[in-house]
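Inside the fold
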Amino acid sequence: MKSTLLHKTAPQVAQEIHACIGCNECLLACPALAETISIDVLNRETLSGAISTPVARFARSCYQCGACVAPCPVGLHRDAMIMWIKVRLMRSERGG
Amino acid sequence: MLYSIRRRLRKRAIGQLNASLHWHVLLAIVGLIVLFMHAFGHFAMISGTFALYSMVALTISGFVGRILDHVMPRLIAREVDKVLTMQGDDGVESTSQKLQAVVVHNTQENRGIIVSQSQAPIPMPGSLPFTTNGQSLGASWDLAYISLEPTQQELDQNAPHYRFIPDKKSALNRPGALMPGAEEHLLALQDMQLAMRREQFFRYIIRYWRVLHILLAFITIGLVTWHIIFASTILWPRFFH
Ligand code: SF4
Ligand code: SF4
């Protein structure tokens, strides 16, 4: 059985964000994204700082389907980046 | 169908796929209602009955899939939360380093060796066998580093040295082998390993439920086509005679 990609650590997510060329391909391929979000805002808010409502909404609705990985011309994992936002949101809800 | 086609189209706008997914769900419900009305309580024709059953199974699998889409990522995030430190570093790596430091320190203390601060095994990134990647935050990025190959972390996930959890035969499992302080790290490591297994399990559910839904879609298309051909062979002569 082919193994599934597990989560990435924050340093790995940071590296991927630094490598992102902002082409939007991952967002275009995403079935969960219902509203327009700028890739710069998404990248900026992924790692640290406040998470705006649209980004939080998008992160919460992400199905972890992985449809955003194949279209990325740089081979990045937007699903793993969104997972990190999910964890951050969960921690902030818990008050951590 | 339209949703699957749109997924493969290159010309798209943000949010369009989400709208198509909603249409896909709506049309599935409408399609099922129309099929039930078409059957009108007559389930005599075996091809039609099979097509209807398969459509019902497809719709149910779609609904369960939508529920899984909402539940599974939350469960995955909960497991990931257990495995990452507050800074987002690999919890297994960090706890392994602490555990190793405790074990080494206690072993040296047992032998009566006084460990000075400079000799104590303070974990340094990249210098220990438990290091998964040695990558650091904020390192300058060069596109030449990007590879489509799996990352070191992905490759290392099953490597025996990565998880510092002694197996049953290990000397560390003998009573008294580990000193106070080590057990709690060991338990934390076992918890994290369990969390990673659960994460992988949830990811498999997401993936294979999708495969099942697609498989059912193909079966339904096949059965509906069979039903149309079968029904037309019966109806055709009636219309023309
Ligand atoms: S994994 Fe999340 S971000 Fe990526 S395509 Fe699927 S829903 Fe969108
Ligand atoms: S497809 Fe890849 S490079 Fe393009 S915006 Fe998404 S993550 Fe960045």
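Scroll up a little and you will see the structure.
Residues numbered from 1 in each chain as written. Chains lettered and ligands numbered in written order. Predicted model: local features only at pLDDT ≥ 70, side-chain atom pairs only at ≥ 80, totals over all residues. Heavy atoms only, no water.

1. Remarks on the overall build of chain A
Within chain A one finds five helices and zero strands. Traced from its N-terminal end to its C-terminal end, chain A shows the element sequence α-α-α-α-α. For 96 residues, the compact-globule estimate of 2.2 N^0.38 gives 12 Å, and chain A sits close to it at 13 Å. Taken across its 96 residues, chain A has 59% of its residues classed as buried. Considering only intrachain contacts with a sequence separation of at least 6, the fraction spanning at least 24 residues in chain A is 67%. Of the roughly 3,800 Å² of accessible surface on chain A, 55% is carried by carbon and sulfur atoms. (Helix = DSSP H or I, 4+ residues; strand = E, 2+ residues; numbered from the N terminus. Rg over C-alpha atoms; globule rule 2.2 N^0.38 Å. Buried < 20%, exposed > 50% of the residue type's maximum accessible area, 1.4 Å probe, protein only. Contact = heavy atoms within 4.5 Å. Areas by Shrake-Rupley, 256 points an atom, 1.4 Å probe, with all protein chains shown as cover.)

2. Digging into the site of ligand 1
A:Cys30, A:Pro31, A:Ala32, A:Phe58, A:Cys62, A:Tyr63, A:Gln64, A:Cys65, A:Gly66, A:Ala67, A:Cys68 and A:Asp79 make up every residue found near ligand 1. Within the shell around ligand 1, the residues separate by chemical class into nine nonpolar, two polar and one charged. (Near = heavy atom within 4 Å. Nonpolar A, V, L, I, M, F, W, Y, C, P; charged D, E, K, R; others polar.)

3. Here we look at the side chain of A:Lys86
By the element assignment, A:Lys86 lies in helix 5 (residues 78-94). Put simply, A:Lys86 is tucked away with no salt bridge, and the nearest opposite charge, on A:Glu93, sits 9.9 Å away. At 2.9 Å, the side chain of A:Lys86 and the backbone oxygen of A:Ala59 are in polar contact. For A:Lys86, the residues in contact, after removing those within four places along its chain, are A:Ala59, A:Arg60, A:Cys62, A:Gln64, B:Pro73 and B:Ala77. (Lys, Arg positive; Asp, Glu negative; His and termini not counted. Salt bridge = Lys/Arg side-chain N within 4 Å of Asp/Glu carboxyl O. Polar contact = N/O pair within 3.5 Å; in protein donor to acceptor, adjacent residues only side chain to side chain.)

4. Remarks on the site of ligand 2
Neighbouring residues of ligand 2: 13 residues in total, closest A:Cys20, A:Cys23, A:Asn24, A:Cys26 and A:Cys72. Taken together, the residues of the shell around ligand 2 break down into nine nonpolar, two polar and two charged.

5. Some details on the environment of B:Gln190
Relative to the assigned elements, B:Gln190 resides in helix 6 (residues 182-240). Expressed as a C-alpha distance, the spacing of B:Gln190 and B:Val92, which sit 98 residues apart in the sequence, is 9.2 Å.

6. Topic: the packing of helix 2 (residues 16-39) of chain B against helix 3 (residues 46-83) of chain B
All names here are of chain B. In the contact formed by helix 2 and helix 3, the axes pass within 10 Å of each other and the chain directions differ by 150°. Compared by their axis directions, helix 2 and helix 3 come out roughly antiparallel. With respect to the hand of their crossing, helix 2 and helix 3 are arranged in left-handed fashion. Across the interface between the two elements, Leu21, His22, Val25, Ala28, Ile29, Gly31, Leu32, Leu35, Phe36 and Ala39 from helix 2 touch Leu52, Met55, Val56, Thr59, Phe63 and Arg66 from helix 3. When the residues that make up the contact of helix 2 with helix 3 are grouped by side-chain class, the tally is 12 nonpolar, three polar and one charged. (Axes fitted to C-alpha atoms, helices over the stretch in contact; angles between N-to-C directions. Parallel < 35°, antiparallel > 145°, perpendicular 65-115°, else oblique. Left-handed = near helix turned anticlockwise from the far one by under 90°.)

7. Focus on helix 2 of chain B
Between the first and last C-alpha of helix 2 of chain B there are 34 Å, a value that for 24 residues agrees with the 34 Å anticipated at 1.5 Å per step. Within two residues after helix 2 of chain B, B:Phe40 carries a phi angle of roughly 50°, on the positive side. (Expected span 1.5 Å × (residues − 1).)

8. A short note on the pattern of salt bridges
Inspection of every chain in the model, using the stated rule, returns nine salt bridges over all chains. Between A:Glu35 and A:Arg57 there is a salt bridge, with the nearest N and O atoms lying 2.9 Å from each other. Of this pair, A:Glu35 sits in the loop between helix 2 (25-28) and helix 3 (39-47) while A:Arg57 sits in helix 4 (residues 53-61), and the two are 22 residues apart along the sequence. Owing to a relative accessible area of 46%, A:Arg57 belongs among the partly exposed residues under this scheme. The salt bridge partner of B:Arg198 is B:Glu79, with a shortest N-O separation of 3.2 Å.

9. Some words on a nonpolar patch on the surface
Residue and element names in this part refer to chain B. There is a patch of nonpolar side chains on the surface, built from Ile46, Phe50, Tyr53, Trp226, Phe230, Ile234, Leu235, Trp236, Phe239 and Phe240 and spanning about 1,100 Å² of accessible area. Those elements that place two or more of their residues in the nonpolar patch are helix 3 and helix 6. Take the nonpolar patch: its biggest share by element is seven residues, from helix 6. Following the sequence through the fold, Phe239 ends up in helix 6. Phe239 sits in the exposed class, given a relative accessible area of 66%. (Patch = residues over 30% accessible without salt bridge, like charges linked within 9 Å, V, L, I, M, F, W, Y side chains within 5 Å.)

10. Section: helix 6 of chain B
When the terminal C-alpha atoms of helix 6 of chain B are compared, their 86 Å separation across 59 residues agrees well with the 87 Å that a helix rising 1.5 Å per residue should span. Taking the largest bend as the criterion, helix 6 of chain B deviates by roughly 30°, centred on B:Thr233, and proline B:Pro237 comes between one and four positions later. (Bend = angle between axes of the 7 residues up to and from the residue.)

11. Overview of the environment of A:Cys72
The topology assignment puts A:Cys72 in the loop between helix 4 and helix 5. Placed 21 residues apart in sequence, A:Cys72 and A:Ile51 show a C-alpha to C-alpha distance of 23 Å.

12. A word on the nonpolar core
Core analysis: the biggest nonpolar cluster contains 21 residues, and A:Leu27, A:Leu33, A:Ile37, A:Leu42, A:Phe58, A:Ile82 and A:Ile85 have the highest contact counts within it. Mapped by element, the contributors of at least two residues to this core are helix 2, helix 3, helix 4 and helix 5 of chain A. Counting residues per element, this core draws most heavily on helix 4 of chain A, at four residues. Dropping the residues within four chain positions of it, A:Leu27 is found in contact with A:Leu33, A:Ile37, A:Ile39, A:Leu42, A:Phe58 and B:Ile14. Formed by 20 residues, the second largest nonpolar core is a distinct cluster that contains A:Val13, A:Met81, A:Met83 and B:Val80. (Core = buried A, V, L, I, M, F, W, Y, C linked by side-chain atoms within 4.5 Å.)

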